Structure formats: structure tokens, C-alpha cells
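Each chain, written out:
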Amino acid sequence: MSGPRTAGASGPAVATASELYAEALALETEAAERYAELADQMETHNNREVAGLFRKLADIEGRHAAALRARAGVSLASGTGGSRLLAERPETAPLGEAHYLMTPAHALQLALASEERAEAFFRGLARDGADPEIRGLAAAFADEEREHIELLRAWLAKYPMPQSGWADDPDPPVLSE
Ligand code: ZN
């Protein structure tokens, strides 16, 4: 029951609907894991409110991944060389930064950046995808990422960034209080 296969060996990263599902699934699975880790970090810092947000996001992404897995069905099990695609992972929040950027605002900002990358990735495919099926799926995925973005923006309004430009600092911050 797989869809029509395009023979796009020289095409862009996502040439078939199966590859798009694989990519979206990888994104959401990674995001769920990262959000769970960010929730752990917030709990370590006794910010249960923001920890709760990240738990909720982990749950959203996890359920989304499960839905994608169900929708994609067996096409993912056939192993269509997805490892190259998985390496891109535009939604992954980089924990290398997160480990010292543990204020709620920083964590939310990292998550927001990840969601924005994911949305841009799918939005680009919605425009430039290889066929109408890919473009339609990508548009739906982009809309779902936008919901995550709006959720994070609402939380960032509650936990504004203390300073701008923190991401430009190549050195880990020194504890000052
Ligand atoms: Zn997302």
C-alpha cells in the first residue's frame, strides 16, 4: 500500500512521502526526548511550572511521533536509507547549549528555535516538495509545528529573556549571583 515512488535519486533530501514521514518522525522523536531532558533540568532547578510545560511538549511530540508512525505504516520499516535524512534533525534542541542555559527563558528560547527550524523545514517542502502529496503533508506538518511555536511564545511572554545577545557569547556564563 505504498504511494507512488518517485525515482529522485538526485533530488533534494526528501524525495518521497515515505522519506518525509521518516524525517518528521525522527524530528518528533528527538524533540520528545529533548523536551523530557529539559523538563528534568527545570525540575533540578525547582521550576516545576516550566518543567510541566516541557513535559507537556514532550507528550505532544511523543504522541505526534506515534501518530506519524501509525500513518506511515510499513513504509518506514522498509529502510529506505533514511540515515542521511536523520542527520539533519532541524527540530533538535542542542543540549550542549542547554546544559548551562538553564533558566526557563533560555530553555524556552532553545525550544522555540528548534520548533522554528522544524517549521521552516516543512514550510520549504510545502512549497518546493517533489510532488503534491509531499507538499500537502509538509504543509500539515508545518502547521503543527506552528502550534508548538505559538505555545512556546506564550510561555516566553511569561518568562522573558533576561538579556539579549546571550547566544553570541562563546564562553559558558560565570555564575554571578
Ligand atoms: Zn514540534
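Below you will find a few notes about this structure. Each chain carries its own residue numbering, running from 1 in the written order of its sequence. Only residues with pLDDT of at least 70 get local features here, since the model is predicted, and only at 80 or more are side-chain atom pairs given and counted; chain-wide, interface and lining totals rely on the full set of residues. Side-chain numbers come from the whole structure's heavy atoms, not from hydrogens or water.

### As for the pattern of salt bridges
Two side chains of opposite charge can pair, provided their charged atoms sit close to one another. Using the following cut-off: Any Lys or Arg side-chain nitrogen found within 4 Å of a carboxyl oxygen on Asp or Glu counts as a salt bridge. Helical segments are the DSSP runs of H or I of at least four residues, strand segments are the runs of E of at least two, and each set is numbered from the N terminus. Each residue is placed in one exposure class: buried if its accessible area under a 1.4 Å probe, protein chains only, is under 20% of its type's maximum, exposed if it is over 50%, and partly exposed if it falls in between.
Under the counting rule described, the total for this entry stands at ten salt bridges. For glutamate 43, the salt bridge is made with arginine 55, and the minimal N-O distance between the two is 3.2 Å. Placement of the pair is glutamate 43 in helix α1 (residues 17-44) and arginine 55 in helix α2 (residues 48-72), with a sequence separation of twelve residues. A residue is classified by how much of its surface remains accessible, and glutamate 43, at 31% relative accessible area, is partly exposed. Taking the relative accessible area as the measure of exposure, arginine 55 reaches 33% and is therefore partly exposed.

### Regarding the packing of aromatic side chains
Filter applied, for reference: Aromatic rings from Phe, Tyr and Trp, with only the six-membered ring used for Trp, were paired whenever their centres fell within 6.5 Å, and each pair was classed as stacked if the ring planes differed by under 30 degrees, edge-to-face if by over 60, and tilted otherwise.
In total, this model carries five aromatic pairs according to the counting rule given. Here tyrosine 35 and phenylalanine 54 contribute two aromatic rings whose centre-to-centre distance is 5.9 Å and whose plane-to-plane angle is 20°, an arrangement assigned as stacked. With tyrosine 35 in helix α1 and phenylalanine 54 in helix α2, this residue pair connects regions lying 19 residues apart in the sequence. When sorted by exposure, tyrosine 35 lands in the same class as phenylalanine 54, which is buried.

### What to know about the side chain of threonine 16
Operational definition: Any N or O atom pair separated by 3.5 Å or less is treated as a polar contact, with the protein-specific requirement of one donor-capable and one acceptor-capable atom, and with residues adjacent in sequence counted only for side-chain atom pairs.
Residue position: threonine 16 is located in the segment before α1. A relative accessible area of 11% places threonine 16 in the buried class. Polar contacts involving the side chain of threonine 16 include one to the main-chain amide nitrogen of glutamate 19, which spans 3.1 Å.

### Concerning the nonpolar core
Applicable threshold: The term nonpolar core refers to a set of buried residues drawn from Ala, Val, Leu, Ile, Met, Phe, Trp, Tyr and Cys, joined through side-chain atoms within 4.5 Å. Contacts between residues were defined by any pair of non-hydrogen atoms, one from each residue, lying within 4.5 Å.
Counting 21 residues, the largest nonpolar core has Tyr35, Leu53, Phe54, Leu57, Leu108 and Leu152 as the members making the most contacts within it. Breaking this core down by element, the ones donating at least two residues are α1, α2, α5 (104-128) and α6 (132-158). The element best represented in this core is α2, accounting for six residues. Not counting the four nearest positions on each side in its chain, phenylalanine 54 is found in contact with Tyr35, Leu38, Ala39, Met42, Ala107, Leu108 and Ala111. One finds Leu125, Ala126, Ala138 and Ala142 within the second-largest nonpolar core, a separate group that totals 20 residues.

### Let's talk about α6
The test is simple: Here a helix's expected span is defined as the number of its residues, less one, multiplied by 1.5 Å.
Between the first and last C-alpha of α6 there are 40 Å, a value that for 27 residues agrees with the 39 Å anticipated at 1.5 Å per step. Among the residues of α6, Ile134, Leu137, Ala138, Phe141, Ala142, Glu145, His148, Ile149, Leu151, Leu152, Trp155 and Leu156 are the ones counted as buried. Of the surrounding secondary structure, the elements contacted by the buried residues of α6 are α1, α2 and α5. A distance of 3.0 Å separates the backbone nitrogen of glutamate 133 from a side-chain oxygen at the start of α6, and that oxygen is part of aspartate 131.

### Digging into the packing of α2 against α6
Rules: Comment: axis = line fitted to C-alpha atoms, over the contacting stretch for helices; angle = value between 0 and 180 degrees taken between N-to-C directions. Angles are sorted into four bins: roughly parallel if under 35 degrees, roughly antiparallel if over 145, roughly perpendicular if 65 to 115, and oblique for all others. Throughout, the ten residues Ala, Val, Leu, Ile, Met, Phe, Trp, Tyr, Cys and Pro are labelled nonpolar, Asp, Glu, Lys and Arg are labelled charged, and all others, Gly among them, are labelled polar.
Remark: α2 packs on α6, axes separated minimally by 12 Å, with the N-to-C direction vectors making an angle of 175°. In this view, α2 runs roughly antiparallel relative to α6, as classed from their interaxial angle. In this structure, α2 uses Glu49, Val50, Leu53, Lys56, Leu57, Ile60, Glu61, His64, Leu68 and Arg71 to contact α6, whose residues at the interface are Phe141, Glu144, Glu145, His148, Leu151, Leu152, Trp155 and Lys158. Looking at the contact of α2 with α6 residue by residue, the classes come out as nine nonpolar, two polar and seven charged.

### A closer look at the packing of α2 against α5
Rules: Two helices crossing with the near one rotated counterclockwise from the far one by less than a right angle form a left-handed crossing, whereas a clockwise rotation gives a right-handed crossing.
Two elements in contact, α2 and α5, have axes whose closest approach is 11 Å; the angle formed by their N-to-C orientations is 20°. Compared by their axis directions, α2 and α5 come out roughly parallel. At the point where α2 passes α5, the crossing takes the left-handed sense. Here Val50, Leu53, Phe54 and Glu61 of α2 come into contact with α5, specifically with Pro104, Ala107, Leu108, Ala111 and Glu115. Here the residues of the contact of α2 with α5 sort into seven nonpolar, no polar and two charged.

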